[in-house]
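Topology and contacts: notes
Spelled out from the first residue to the last, the chains are:
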Amino acid sequence: MPGLSDAVKRTLIQAARTAQTYSYSPYSKFRVGAALLCEDGSIVTGCNVENASYGLTNCAERVAIQTAVTMGHKKFKAIAIVGDAPSCCMPCGACRQVLVEFRIPYIILSDEHEQIHTFTLDELIPHSFGPDDL
């Protein structure tokens with residue numbers, strides 16, 4: 001993908017793996033980490049935080065985005081997501097909609113063999129509804 005070097009992708013995956021270690025997932029035992037590349041080059045991370053009332057669980061992607069917004073960031077270049085599955089950990093529908101809201105152009109995923117897969121936002125959620133549609 002243009003605009004993101006392999007080194008940047010690997011840096012984001014490593015930051016997501018570090019965030020994954022902080023996951024609070026006592027119910028699913030499925031740890032997820034995310035690393036968000038902000039427009040200014042800084043990286044903000046998040047992990048999934050579960051709740052006994054499962055609907056109150058927060059996904060790693062949304063935790064990273066909400067933390068970044070709290071820090072004053074609103075423009076992003078990419079997000080990396082890793083999970084405990086052997087294959088890539090795809091973002092859920094709610095997270096995909098939040099990615100659309102902030103127009104995050106690249107979604108970087110890694111499988112258990114450390115192979116990196118990069119998707120555009122349009123590939124993950126084609127024909128989406130977002131801020132440009134209002």
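The present account deals with the structure reproduced in this document. (Residues numbered from 1 in each chain as written. Predicted model: local features only at pLDDT ≥ 70, side-chain atom pairs only at ≥ 80, totals over all residues. Heavy atoms only, no water.)

**Some words on the packing of aromatic side chains**
For the record, the criterion: The pairing test for Phe, Tyr and Trp rings, Trp by its six-membered ring, is centres within 6.5 Å, and the orientation test on the planes gives stacked under 30 degrees, edge-to-face over 60, and tilted for anything in between. Only runs of H or I of at least four residues qualify as helices and only runs of E of at least two qualify as strands under DSSP, and these elements are numbered from the N terminus.
Inspection of every chain in the model, using the stated rule, returns 1 aromatic pair. A centroid spacing of 5.9 Å and a plane angle of 70° characterise the contact between Phe 76 and Phe 102, whose relative ring orientation is edge-to-face. Here Phe 76 is found in strand 3 (residues 76-83), whereas its partner Phe 102 is found in the loop between helix 3 (93-101) and strand 4 (106-110), with 26 residues between them in sequence.

**A look at the packing of helix 2 (residues 60-70) against helix 3**
Just so we agree on the cut-off: All axes here are fitted lines through C-alpha atoms, helices being fitted over the stretch that makes contact, and every angle between N-to-C directions spans 0 to 180 degrees. Should an angle lie under 35 degrees it is considered roughly parallel, over 145 roughly antiparallel, and from 65 to 115 roughly perpendicular; all remaining angles are considered oblique. Definitions for this section: a left-handed crossing has its near helix turned counterclockwise from the far helix by less than a right angle. A right-handed crossing has that turn clockwise. We call two residues in contact whenever any of their non-hydrogen atoms come within 4.5 Å of each other. Under the scheme applied here, ten amino acids are nonpolar (Ala, Val, Leu, Ile, Met, Phe, Trp, Tyr, Cys and Pro), four are charged (Asp, Glu, Lys and Arg), and all others, including Gly, are polar.
Helix 3 packs onto helix 2 with a crossing angle of 30° between their chain directions and a minimal axis gap of 9 Å. The pairing of helix 2 with helix 3 is recorded here as roughly parallel in orientation. The handedness of the crossing between helix 2 and helix 3 comes out as left-handed. Here Glu 61, Arg 62 and Ile 65 of helix 2 come into contact with helix 3, specifically with Ala 94, Cys 95, Val 98 and Leu 99. Of the residues in the contact of helix 2 with helix 3, the class split is 5 nonpolar, no polar and 2 charged.

**Digging into the layout of surface pockets**
As a reminder, the rule being used: Grid points spaced at 1 Å over the protein atoms alone were grouped into cavities, where a 1.4 Å probe fits but cannot get out, and pockets, open sets with protein on both sides within 12 Å along at least five of seven lines, with lining residues defined by an atom within 4 Å of a point. Grid points are joined across faces, edges and corners, and a volume is the space filled by probe spheres set on the points.
Of the pockets and cavities examined, the largest pocket occupies roughly 190 Å³. Looking at the largest pocket, it is lined by 15 residues, and the ones nearest its centre are Phe 30, Val 32, Asn 48, Cys 59 and Ala 60. The class makeup of the residues in the lining of the largest pocket is 9 nonpolar, 4 polar and 2 charged. If you add up the space inside the second largest pocket, you get close to 160 Å³. Lining the second largest pocket, in full, are Val 100, Arg 103, Ile 104, Leu 121, Asp 122, Ile 125, Ser 128, Phe 129, Gly 130, Pro 131, Asp 132 and Asp 133.

**Looking at the side chain of Ser 23**
We count it as follows: Only protein chains enter the accessibility calculation, which uses a 1.4 Å probe; a residue whose area is less than 20% of its type maximum is buried, one above 50% is exposed, and one in between is partly exposed. Under this definition, polar contacts are N or O atom pairs within 3.5 Å; protein pairs additionally need one hydrogen-donor-capable and one acceptor-capable atom, and for neighbouring residues in sequence, both atoms have to be side-chain atoms.
Structurally, Ser 23 can be placed in the loop between helix 1 (6-20) and strand 1 (32-38). Classification of Ser 23 as buried rests on a relative accessible area of 15%. Only 2.6 Å separates the side chain of Ser 23 from the side chain of Asn 48, close enough to count as a polar contact. Discounting chain neighbours no more than four positions away, the residues touching Ser 23 are Phe 30, Arg 31, Val 32, Cys 47 and Asn 48.

**Here we look at the nonpolar core**
Soluble, globular proteins show a tendency: their nonpolar side chains are buried together. Here is the rule: Definition of nonpolar core: a set of buried residues of the types Ala, Val, Leu, Ile, Met, Phe, Trp, Tyr and Cys, connected through side-chain atoms within 4.5 Å.
One finds Leu 36, Ile 79, Ile 81, Leu 99, Ile 104 and Ile 107 to be the most contacted residues of the largest nonpolar core, which totals 22 residues. Those elements that place two or more of their residues in this core are strand 1, helix 2, strand 3, helix 3, strand 4 and helix 4 (121-124). Once residues lying within four places of it in the same chain are set aside, the contact partners of Ile 79 are Ala 34, Ala 35, Leu 36, Glu 61, Leu 99, Ile 104, Tyr 106, Ile 107 and Ile 108. In this structure, Ala 15, Ala 35, Val 82 and Ile 108 belong to the second largest nonpolar core, which totals 12 residues.

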